Amino acid sequence: MTTPLKALGLVIALTLAPTVAAASPNYPDAVQAAAGSPCPPPCTVCHESSSGGYGTAVKPFARAMAKVGKLDAEDSALVAPAIEALKAQATDSDGDGTGDIDEVAAGHDPNRRGEGDLCGPEYGCGARVDPGQRVDGWALLLSVLVALSLVARGRRRRR
Amino acid sequence: MGLFFRAVPFVLALSTLALTTRSAHAYGFMIRHGYGGCTTCHTDPSGGETLTRYGRAQSDLLLRMRYGKATVSAAPAPATESFDGFDDFGDSPKAEKPPAPAPAPEAEDAAGPASSSGFLWGAFAEPDFMSLGGSLRSASTLKNGDFRWFPMQADFYGQLAFGSLRVGGSVGLVKTRAGAPHGRAALVTRGDDGQLNMVSRTHWLGLDLDSRRELLLRAGRLNVPFGLRISEHVMWVREATHTDRESDQQHGVALAYSGEKLRGELMAIAGNYQLGPDRYRERGYSLYLEAFASSSLAVGASHLFTVAQADRYSLDQGETLRGAHGLFTRWSPLRPLVVMAEANALHLSRRDLGYVGFVQLDYELTQGLHLGATGEALDAGRARGAGPDQPKSAGAGEPRLGGWLTASWFFLPHCDLRVDAIARQNEAFTLLSQLHVFL
């Protein structure tokens, strides 16, 4: 085996051999499900910035959550009991007269007095990729054949 | 043809895996070879993505491991202080300039660029007016004992040049999650959370304003000209200034100058029209200017100022003024070593003043194998707003520090493997590995 092929083999072994990990914990989805918000809230509803990170969940809503629940970044199942506890206590972190969970459910930021916007901007230009769309096998095969013939023609011309 | 059929399954296999997002490469450390400017190797005047034909050749000659064949990087630096090597090696459209010698022609004679340096490993010869490229990147992270693998990037990009008129851009596929800090700002389609979406990071029309192609006027979605154009989009200097090449591009008009001793770009930012409503769009300007003190030392300054009616990151609904102002440098005191550094002051409405900076060392152990060390610091300023005052924390009112140790191996034509050990204050230690294939 030549050296470059050995190198390729080593790289593939290092990067692709391990199995794919399980789904990641997902706090925004867990908050949406538990509080009934119209969107998964952004990371910044709890964290200092959208990058997240331990020790950066310093927003009033995050501190209120931590006070009533045992939270673990790797276990999103702990979110729902904390949300329920906040709801039961009618906690109002920003002191605007509306409880945190009611604000989240209405799509408002529980850290900001007044309504705020929990869902933020919409991304993309509007069209959607249909998740249920079947790939037509014949169309795919035809596309590949056309592409290969174009490449072959290009290489013949070069010679 | 045989090479093509050998390459196709590999490319297709990676394509099927590549479903999320990140941007491509721009190697500021090429200043070690006297390449201070970017237009020599990239079609974007400020670097990144699509390579020129000359850039492809240099990637093969200077970057990748050559396994015993004559290498250029290992050769002593040419004894010259001339700037001839900076921006004079444009590919065919830049023929008006007098041809200048390559940095190490002796090595090129000994082992020239392989035919596989071309697009799709040489399987498809682009016509002169066309430059094509693409990036497929997969990654794995080891964090808190949890191993994850995820596809990062599947982009196709290119440029068409008809006389002084140019058209460029990129399309790709991503899968992002709601609330994710990266990727979404470049979406074209609007699928649900976690679904496959089309992304276009850049798309633009350009006009060369002079015969030497030193002045380029572009309009469209462009990389924001600010600071060092590095490949690490999660590095705090890029993240905190919102100037990465992953999805922070903006629509607008930009004028770039690529001279021998000076380069720079000024962009009038009209906002990101791939997100809405309009109140979240930032408008303003951004610029950088970089001067070459010698063939191995460049010093620059950047300035950015934008206004939006709401902050799309914090979702604050008030008028949001954002600014970043700083200095950066690239210096190669010895051929194998490159030092890159950037420091910026940050200001944002409803926040105290802040700063962000980094210093990065890149050492080329042997051609194709790089070791790196990076230190970074961030204090984005403590938030002040309509709610209760937030306590100072690392990164928000107090300094937050981070460090990276990096190994990069350009092991085959168009292929590199990178491993980063990342330790950041208030973040779990992360081991990140990336396999990158460019077409």
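Reading guide: rules and limits
Residues numbered from 1 in each chain as written. Chains lettered and ligands numbered in written order. Predicted model: local features only at pLDDT ≥ 70, side-chain atom pairs only at ≥ 80, totals over all residues. Heavy atoms only, no water. Helix = DSSP H or I, 4+ residues; strand = E, 2+ residues; numbered from the N terminus. Buried < 20%, exposed > 50% of the residue type's maximum accessible area, 1.4 Å probe, protein only. Areas by Shrake-Rupley, 256 points an atom, 1.4 Å probe, with all protein chains shown as cover. Contact = heavy atoms within 4.5 Å. Arc of directions from axis to C-beta. Disulfide = S-S within 2.5 Å. Axes fitted to C-alpha atoms, helices over the stretch in contact; angles between N-to-C directions. Parallel < 35°, antiparallel > 145°, perpendicular 65-115°, else oblique. Left-handed = near helix turned anticlockwise from the far one by under 90°. Salt bridge = Lys/Arg side-chain N within 4 Å of Asp/Glu carboxyl O. Nonpolar A, V, L, I, M, F, W, Y, C, P; charged D, E, K, R; others polar. Patch = residues over 30% accessible without salt bridge, like charges linked within 9 Å, V, L, I, M, F, W, Y side chains within 5 Å. Phe/Tyr/Trp six-rings, centres within 6.5 Å; stacked < 30°, edge-to-face > 60°. Lys NZ or Arg CZ within 6 Å of the ring centre and 35° of its normal. pLDDT = per-residue confidence, 0-100. Polar contact = N/O pair within 3.5 Å; in protein donor to acceptor, adjacent residues only side chain to side chain. Pairing = 2+ DSSP bridges.

## Comments concerning the overall build of chain B
Within chain B, the secondary structure is distributed over five helices and 20 strands. When the 439 residues of chain B are sorted by exposure, 60% land in the buried category. Total accessible area on chain B is roughly 15,500 Å²; 66% of this is exposed by carbon and sulfur atoms.

## What about the overall build of chain A?
If you tally the helices and strands in chain A, you get six helices and one strand. In sequence order, chain A lays out its α and β elements as α-α-α-α-α-β-α. Across the 159 residues that make up chain A, the buried fraction comes to 35%. Long-range pairs, those at least 24 residues apart, make up 38% of the contacts in chain A with a sequence separation of at least 6. Accessible area of chain A: about 9,000 Å², with a carbon and sulfur share of 59%.

## Some details on helix 4 (residues 79-89) of chain A
Residues that lie three or four places apart on an α-helix share one face, since the helix turns once every 3.6 residues. Residues and elements named next belong to chain A. Of all the positions in helix 4, only Val79, Ala82, Ile83, Ala85 and Leu86 are classed as buried. The buried residues of helix 4 occupy an angular sector of 160 degrees when the element is viewed end-on, so they sit on one face. Tucked into the core, helix 4 has its buried residues touching helix 2 (27-35), helix 3 (60-68) and helix 5 (100-105). Remark: Ala90 follows helix 4 within two positions and exhibits a positive phi of approximately 50 degrees.

## What about the state of the cysteines?
All chains considered together, the criterion is met by one disulfide over all chains. Two residues, Cys39 of chain A and Cys119 of chain A, share a disulfide whose sulfurs are 2.0 Å apart. Between Cys39 of chain A and Cys119 of chain A the disulfide shows an S-S torsion of about -100 degrees. By sign, it is left-handed. Within this pair, whereas Cys39 of chain A is found in the loop between helix 2 and helix 3, its partner Cys119 of chain A is found in the loop between helix 5 and strand 1 (122-123), the two being separated by 80 residues in sequence. For the unlinked cysteine Cys41 of chain B, the closest cysteine sulfur is that of Cys38 of chain B, found at 8.8 Å.

## Brief notes about the packing of helix 2 of chain A against helix 4 of chain A
Residue and element names in this part refer to chain A. Relative to each other, helix 2 and helix 4 sit at 45 degrees, their axes nearing to 9 Å. In this view, helix 2 runs oblique relative to helix 4, as classed from their interaxial angle. The handedness of the crossing between helix 2 and helix 4 comes out as right-handed. On helix 4, the residues touching Tyr27, Ala30, Val31, Ala34 and Ala35 of helix 2 are Val79, Ala80, Ile83 and Glu84.

## Points about unusual backbone geometry
All names here are of chain B. Here the residue pair Gly276 and Pro277 is connected by a cis peptide bond, since its omega of 5 degrees sits within 30 degrees of zero. Along the chain, the position of Pro277 falls in the loop between strand 9 (275-276) and strand 10 (283-294). Phi angles above zero are rare outside glycine, and Arg350 is one such case at about 65 degrees. Positionally, Arg350 belongs in the loop between strand 13 (337-348) and strand 14 (354-366).

## Focus: the pattern of salt bridges
As enumerated under the stated definition, the model contains 30 salt bridges over all chains in all. Between Arg190 of chain B and Glu122 of chain A there is a salt bridge, with its nearest N and O atoms 2.9 Å apart. Residue Arg190 of chain B is located in the loop between strand 3 (165-175) and strand 4 (196-199), and its partner Glu122 of chain A is located in strand 1; the two belong to separate chains. We note a salt bridge from Asp208 of chain B to Arg213 of chain B, for which the minimum N-O separation is 2.6 Å. The buried category is assigned to Arg213 of chain B, whose relative accessible area is 14%. Sharing partners across several salt bridges, the network here consists of Asp44, Arg218, Arg229 and Glu265 of chain B.

## So, the packing of helix 3 of chain A against helix 4 of chain A
All names here are of chain A. Axis separation between helix 3 and helix 4 bottoms out at 9 Å; the angle between their running directions is 100 degrees. Considering the angle they form, helix 3 stands roughly perpendicular to helix 4. For the pair formed by helix 3 and helix 4, the contact residues are Phe61, Ala64, Met65 and Val68 on the first element and Val79, Ala82, Ile83, Ala85, Leu86 and Gln89 on the second. Taken together, the residues of the contact of helix 3 with helix 4 sort by class into nine nonpolar, one polar and no charged.

## Looking at a nonpolar patch on the surface
All names here are of chain B. A grouping of Phe129, Phe162, Leu165, Val167, Leu205, Leu207, Leu209, Leu217, Val253 and Leu255 is seen on the molecular surface, where their side chains present a nonpolar patch of about 790 Å² in accessible area. Residue assignment for the nonpolar patch shows that the elements contributing at least two residues are strand 3, strand 5 (203-208) and strand 7 (250-258). Its location among the elements puts Leu205 in strand 5.

## Looking at the packing of aromatic side chains
Residues and elements named next belong to chain B. Tallying each qualifying case throughout the model produces six aromatic pairs over all chains. Centroid distance Phe119 to Phe124: 6.1 Å. Interplanar angle 75 degrees. Geometry classified as edge-to-face. Looking at Phe119, the relative accessible area reads 5%, which means it is buried. Residue Phe124 is classed as partly exposed on the basis of its relative accessible area of 23%. Linked through ring pairs, Phe119, Phe124 and Phe156 together constitute an aromatic cluster. When the ring centre of Trp204 is taken as origin, the NZ or CZ atom of Arg218, which lies over that ring, is 4.8 Å away.

## Overview of the confidence of the model for chain B
Residues and elements named next belong to chain B. Chain-level statistics for chain B give a pLDDT mean of 83 and a share of 83% at 70 or above. Within the model, pLDDT remains below 50 along residues 1-24, and this stretch shows 71 contacts once partners closer than five positions in the same chain are excluded. A low-confidence stretch, residues 74-109 (pLDDT under 50), is modelled with 70 contacts involving residues beyond four sequence positions or located in other chains.

## Some remarks on the side chain of Asp44 of chain B
All names here are of chain B. Inspection of the secondary structure puts Asp44 in the loop between helix 1 (2-17) and helix 2 (53-63). A distance of 2.8 Å separates a polar side-chain atom of Asp44 from the backbone nitrogen of Ser46. Within the local environment of Asp44, its side chain forms a polar contact with the side chain of Asn223, the two groups lying 3.4 Å apart. When sequence neighbours within four positions are dropped, the list of residues in contact with Asp44 reads Cys38, Arg218, Asn223 and Arg229.

## Things to note about the pairing of strand 18 (residues 400-412) of chain B
Within a regular strand, side chains alternate between the sheet's two faces. Residues and elements named next belong to chain B. Bridging between strand 15 (residues 369-379) and strand 18 involves ten bridges; their strand directions are antiparallel. Directly across from Leu378, in strand 18, lies its bridge partner Arg400. With nine bridges joining them, strand 18 and strand 19 (residues 415-424) adopt antiparallel strand pairing. Bridge assignment links Trp404 to a residue of strand 19, and that residue is Ile422. Two successive antiparallel strands, strand 18 and strand 19, enclose a turn made up of two residues, where His414 displays a positive phi of approximately 75 degrees.

## Some details on helix 2 of chain A
Residue and element names in this part refer to chain A. Every buried residue belonging to helix 2 is among Pro28, Ala30, Val31 and Ala35, and all of these are buried. Taken down its axis, helix 2 places every buried residue within 160 degrees of arc, on the same side. In this structure, the buried side of helix 2 is in contact with helix 4 and helix 5. Positive phi appears at Gly36, one or two residues downstream of helix 2, with a value of about 75 degrees.

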